[in-house]
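Coordinate inspection notes
So the chains spell out like this:
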Amino acid sequence: MQAIYEQFLILISTPVYIVIIGVELLLSNYQHKKIYKWKDTGANIYLMLLNASLDLFVRGVYLFILSYFYHNRIISFVNIIVYWGALLVAEDFLYYWLHRFDHEIRLFWAVHVTHHSSQQLNFSVGFRSSVFQPLYRFTYFIPLALLGFKPIDIAFAYSATQIWGIFVHTELIKKMGWLEYVLVTPSHHRVHHASNPKYLDMNMGMFLIIWDKLFGTFQPELTVEEYQSLKYGLTKPIEKETPINIVFHEWSSIHRDLIRKDIGWKDKLLYVFGPPGWSHDGSRKTSKELRQAENGESIIIKSGNPAVI
């Protein structure tokens, strides 16, 4: 049954992907904007294939685990409309936290950073996957199985919202009217991919923007007059964009921090589980510290911990 669901999604989405990427290419060339680069697009496809292959390899394991919790569910749904509506909202809510922790915990950022390493923003960047995420993503959806949602339906809901998530990777669509208040739109997601300090770690939602507004991670896209033009990618771009380095550069950085001789085990733990950019001596800055610095706040270091004055 799951295979039928996924084949249906692939059947209806693949032609649409081809069309929108083609239209985006034509319009961007017509407007003399170079939003596609062969090397970057090749990297997007490469990362997608790695992610899809790993997902296929571990799928049986995570569906088995989700099935265990589903068989021990605490709720059973009767109304099919309520079932699918609740599943869509609940899955999107849990994805928000998955995505947020991927940004706020360095161990998971080392996985997710591949998606943000492109300095372009176009529909193909939506396929630039976090390669190792299938190894742990399903754990966030265990509560859904306990609440009576079938594992195959959870997978379908995730795939469906991912389709929307691909469509918001574009510069061509500016604003979407009243939908800006409800859904994640291209405008919201441009902010998410920007490396400007004000925009870092904002707009984490996949489908609904309400979670960002509820939990303090919402930032509207501002005009150049209000702020500055968007700059995509990482605050420190990858030096060597080789196939191996694109995937493992942050892991290498973590390893270099862990083998330092001048830090204790508490600092080592923070280099793994603390926020990306944390450093024991203040030589690097977290997203929060970069925003504070941009706003003119001073940061001092006391006993290895940053404080604002």
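For the structure, check the block above.
Let us look at the structure shown here. Everything numeric here is computed off the predicted structure, so don't read it as measured data.

Focus on unusual backbone geometry
Unusually for a residue other than glycine, aspartate 201 sits at a positive phi of about 60°. Residue placement: aspartate 201 occurs in the loop between α7 (186-193) and α8 (210-215). Taking relative accessible area as the criterion, aspartate 201 reaches 19% and is therefore assigned buried. Its identity is not glycine, yet asparagine 203 carries a phi of approximately 55°, on the positive side.

Describing the nonpolar core
If you look at the biggest cluster of nonpolar residues, it comprises 24 residues, and the most contacted ones within it are Tyr62, Leu87, Phe141, Leu144, Phe149 and Ile154. Every element with two or more residues in this core is listed here: α2 (38-71), α3 (80-104), α5 (142-146) and α6 (151-167). Once you skip the residues sitting within four places of it in the chain, isoleucine 154 turns out to touch Leu87, Phe141, Leu144, Ala145 and Phe149.

Here's the deal with helix α9 (residues 243-258)
Its 16 residues place the ends of α9 24 Å apart at the C-alpha level, agreeing with the 22 Å of an ideal helix rising 1.5 Å per residue. Listing the buried residues of α9 in full gives Ile246, Val247, His249, Glu250, Ser253, Ile254 and Asp257. Contacts from the buried residues of α9 go to α2, α4 (106-116) and α10 (265-273).

Focus on a nonpolar patch on the surface
A cluster of nonpolar side chains, contributed by Val19, Val23 and Leu27, occupies part of the molecular surface with about 230 Å² of accessible area. Mapped onto the fold, valine 23 is located in helix α1 (residues 2-30). Judged by its relative accessible area of 39%, valine 23 falls in the partly exposed class.

Regarding the pattern of salt bridges
One pass over the structure, following the stated rule, counts 9 salt bridges. Close ionic contact of aspartate 55 with arginine 59 constitutes a salt bridge, the shortest N to O distance being 2.8 Å. Taken together, the positions of aspartate 55 and arginine 59, both in helix α2 and 4 residues apart, correspond to about one turn of that helix. A single burial state applies to aspartate 55 and to arginine 59, both of which are buried. By sharing partners, the salt bridges in this structure join Arg106, Glu250, Asp257 and Arg284 into a single network.

Comments concerning the packing of α3 against α4
At a closest axis distance of 6 Å, the pairing of α3 and α4 adopts a crossing angle of 100°. Accordingly, the angle class assigned to the pair α3 and α4 is roughly perpendicular. Across the interface between the two elements, His99, Phe101, Asp102, His103 and Glu104 from α3 touch Arg106, Phe108, Trp109, His112 and His116 from α4. Per-class residue counts for the contact of α3 with α4 are 3 nonpolar, 4 polar and 3 charged.

Brief notes about the environment of alanine 194
Structurally, alanine 194 can be placed in the loop between α7 and α8. Considered as a pair, alanine 194 and leucine 66 are 128 residues apart in the sequence and their alpha carbons are 35 Å apart. Leaving out residues up to four positions away in the same chain, alanine 194 has contacts with Tyr199, Leu200, Leu230, Lys231 and Tyr232.

Some remarks on the packing of α3 against α6
Packing of α3 against α6 leaves a shortest axis separation of 10 Å and a crossing angle of 65°. Taken together, the axes of α3 and α6 lie roughly perpendicular to each other. By crossing handedness, the relation of α3 to α6 is classed as right-handed. Of the residues in α6, those touching α3 at Tyr83, Trp84, Leu87, Leu88, Glu91 and Tyr95 are Asp153, Ile154, Phe156, Ala157, Tyr158, Thr161 and Gln162. For the contact of α3 with α6, the residue count by class is 9 nonpolar, 2 polar and 2 charged.

So, the packing of aromatic side chains
The description of two aromatic rings rests on the distance between their centres and on the angle between their planes. Applying the stated criterion across every chain yields a total of 23 aromatic pairs. Ring geometry for tyrosine 96 and tryptophan 97: centres 5.1 Å apart, planes at 85°, overall edge-to-face. Residue class for tyrosine 96 comes out buried when judged on its relative accessible area of 0%. Since its relative accessible area comes to 21%, tryptophan 97 is described here as partly exposed. Among the aromatic residues, those joined into a cluster by ring pairs are Phe93, Tyr96, Trp97, Phe101, Tyr140, Trp211 and Phe215. The side chain of arginine 73 reaches across the aromatic face of tyrosine 70, ending 4.2 Å from its centre. Positioned above the aromatic ring of phenylalanine 218 is the side chain of lysine 213, whose terminal nitrogen or guanidinium carbon lies 4.9 Å from the ring centre.

What counts and how
Residues numbered from 1 in each chain as written. Predicted model: local features only at pLDDT ≥ 70, side-chain atom pairs only at ≥ 80, totals over all residues. Heavy atoms only, no water. Helix = DSSP H or I, 4+ residues; strand = E, 2+ residues; numbered from the N terminus. Buried < 20%, exposed > 50% of the residue type's maximum accessible area, 1.4 Å probe, protein only. Core = buried A, V, L, I, M, F, W, Y, C linked by side-chain atoms within 4.5 Å. Contact = heavy atoms within 4.5 Å. Expected span 1.5 Å × (residues − 1). Patch = residues over 30% accessible without salt bridge, like charges linked within 9 Å, V, L, I, M, F, W, Y side chains within 5 Å. Areas by Shrake-Rupley, 256 points an atom, 1.4 Å probe, with all protein chains shown as cover. Salt bridge = Lys/Arg side-chain N within 4 Å of Asp/Glu carboxyl O. Axes fitted to C-alpha atoms, helices over the stretch in contact; angles between N-to-C directions. Parallel < 35°, antiparallel > 145°, perpendicular 65-115°, else oblique. Nonpolar A, V, L, I, M, F, W, Y, C, P; charged D, E, K, R; others polar. Left-handed = near helix turned anticlockwise from the far one by under 90°. Phe/Tyr/Trp six-rings, centres within 6.5 Å; stacked < 30°, edge-to-face > 60°. Lys NZ or Arg CZ within 6 Å of the ring centre and 35° of its normal.

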